[in-house]
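Each chain is listed here by its residues.
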Amino acid sequence: MDKNFQEEEFTGIVEFTPPLYKQRYQFIKDLVEKYKPKKVADLGCADCSLLWMLKFCSCIEVLAGLDICASVMKEKMHRLSPLPGDYLQPAERSLTVTLHHGSVAHKDPCMLGFDLVTCIELIEHLEESELKKFPEVVFGFMAPSIVVISTPNSEFNPLLPGVTLFRHADHKFEWNRVQFRSWALEAARCYGYSVEFTGVGHPPTGMENVGFCTQIGVFVRKYHQTRESAQSEKPTEAVHRMVFKAVYPSLKDEKYLQNAVVGEVVFTAQIIKQSLQNRLVAEHEEHNDDQRKCKFQPSMNCFSEDLGKRVVEKSMEPFVAGNVVYIPLKTIFSFPKVNQLCGTFERLCKLIAGKVTLSSDGSAVMLDAEHEGN
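The residue numbering used here restarts from 1 in each chain and proceeds along that chain's sequence as written. Side-chain atom pairs in this predicted model are given and counted only at pLDDT of 80 or more, local residue features only at pLDDT of at least 70, and totals for whole chains, interfaces and linings cover all residues. Hydrogens are left out, water is left out, and the side-chain values use all remaining heavy atoms of the structure.

- Where an unreviewed UniProt entry is consulted, the protein appears under the name Small RNA 2'-O-methyltransferase, with the organism given as Tauraco erythrolophus.
- UniProt positions are given in the numbering used here, feature names are shortened, and annotations may be inferred rather than shown by experiment. As recorded by UniProt, the Catalytic activity (unreviewed entry) comment attached to the protein reads in full: "small RNA 3'-end nucleotide + S-adenosyl-L-methionine = small RNA 3'-end 2'-O-methylnucleotide + S-adenosyl-L-homocysteine + H(+)".
- According to its UniProt record, the protein has this under Cofactor (unreviewed entry): "Mg(2+)".

Written as structure tokens, this is what we have:
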């Protein structure tokens, strides 16, 4: 049995596992993981399901969707908004998501500068006049490095129950493999792209001659576009209407980076403080077992004088003086997470200035030596 089907001696009823739309989305996700595009546009984004999946790809910094039906986009566009967790733990990368209402047959500057453009089950919805303009808009005007176009393979239709002419009432046409290949090769030739053909939705065993249920063309631009050529003859007038924009919190933003660093510094200092206190308590109890000469105070004052003498100022060792625990910044900076966030010790000092209580010389974080709850 083919892994994409659940069937009993083929009877004309085909069921894809996973569902065909998920296989198409997974194809795009795999492509993103391979080529690592930073800017991705989905033309004919509909309910934004593909955009929602792609927002979790760490390489992507800009996501844009375009659709002729604003109401369909608006139904689920809230899923593209940042969640509380995105603010609590901002990502290292920046991410901006926008949705635009408009036609793929029209040129708009907001659709420029993308590395990857996806057109999943789109072209079969276009009127003949729109389809004629489509190659010039996508390959000529937008000119991304990679374009992925998927469309139904009409040769597969006899295997689908209930399909007489087209798979959807809004489809204006459905091509067989020769028709799609001819159109794709001509578009690639005119605009300087190469194209490879593949698909998703394998046919049942013994019927491989019909090809994939969804046929896919992956177009790759042959030549690197210079800035001059990219900007030539590009209209400046906007024709699409933005209906949604979300800017995700990012550690590239100084405000979010500072919050993250301060939180991590305080957290790390508390861990070091607790470790120091546990060690001092253990040493004190061991000392008492031998000599019983020192009464232990919860605030550990009994250790401070001795520790103060043997700990050199600005050393890597935390110490207690009076009711204060001093955690050297260099010790905190040595922790991987803090080091990763700041990059340099000077950057650490700058980010926590005025946000964390420091010693008079600024070399150590000061914490109350009292145990919590005392």
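### Quick notes on the nonpolar core
Next, step 1: Residues enter a nonpolar core if they are buried and are Ala, Val, Leu, Ile, Met, Phe, Trp, Tyr or Cys, with the set joined through side-chain atoms within 4.5 Å. Under the scheme applied here, a residue whose accessible area is under 20% of the maximum for its type counts as buried, over 50% as exposed, and between as partly exposed, the area being computed with a 1.4 Å probe on protein chains only. Of all hydrophobic cores here, the largest spans 41 residues; its most connected members are Ile28, Val32, Leu54, Ile60, Leu99, Val148 and Phe244.
Next, step 2: Looking at this core, the elements with two or more residues in it are helix 1 (20–35), helix 2 (49–54), strand 3 (96–101), strand 4 (116–120), strand 5 (146–152), strand 7 (214–221) and strand 8 (241–247).
Next, step 3: In this text, helices come from DSSP runs of H or I with a minimum length of four residues, and strands from runs of E with a minimum of two, each type numbered from the N-terminal end. Sort the elements by how many residues they give to this core and helix 1 lands first, with 6 residues.
Next, step 4: The criterion used for residue contact is that any of the two residues' heavy atoms lie within 4.5 Å. In contact with valine 32, not counting residues within four places along its chain, are Pro37, Leu54, Cys57, Cys59, Ile60 and Leu116.

### A closer look at the sheet that holds strand 2 (residues 62–67)
Next, step 1: Within the open sheet, the 8 strands sit side by side as 6-7-5-4-1-2-3-8. Their pairing is mixed. Each edge of the sheet is formed by a strand with only one pairing partner; in this case those strands are strand 6 (193–200) and strand 8. Averaged over all neighbouring strand pairs, the angle between strand axes comes to 15 degrees, with direction disregarded.
Next, step 2: For helices, the fitted line uses only the C-alpha atoms of the stretch in contact; every axis is such a line through C-alpha atoms, and the angle between N-to-C directions lies from 0 to 180 degrees. Strands in contact with helix 1 are strand 4, strand 5, strand 6 and strand 7; relative to strand 5, the strand with the most contacts, it is inclined by about 165 degrees.
Next, step 3: Here helix 6 (residues 177–191) sits on the sheet in contact with strand 5, strand 6 and strand 7, set at roughly 155 degrees to strand 6. By the convention used here, strands pair only if DSSP detects at least 2 bridges between them.

### Remarks on the sheet that holds strand 11 (residues 364–368)
Next, step 1: Reading across the sheet, the 3 strands line up as 9-10-11 and stay open at both edges, with antiparallel pairing between neighbours. Bordering the open sheet on either side are strand 9 (319–321) and strand 11, each of which pairs with just one other strand. Averaged over all pairs of adjacent strands, the angle between their axes in this sheet comes to 30 degrees, without regard to strand direction.
Next, step 2: Note: strand 9 against strand 10 (residues 324–328), 3 bridges, orientation antiparallel. By the bridge assignment for strand 10, valine 320 is matched with valine 325.

### As for unusual backbone geometry
Next, step 1: Of note, the amide linkage connecting threonine 17 to proline 18 takes the cis form, showing an omega dihedral of -5 degrees.
Next, step 2: As for its placement among the helices and strands, proline 18 is situated in the segment before helix 1.
Next, step 3: You will see that alanine 46, though not glycine, has its phi angle at about 55 degrees, which is positive.
Next, step 4: Among the structural elements, alanine 46 can be located in the loop between strand 1 (39–43) and helix 2.
Next, step 5: Under the relative-accessibility criterion, alanine 46 is labelled partly exposed at 29%.
Next, step 6: Residue glutamate 121 is not a glycine yet carries a positive backbone phi of 50 degrees.

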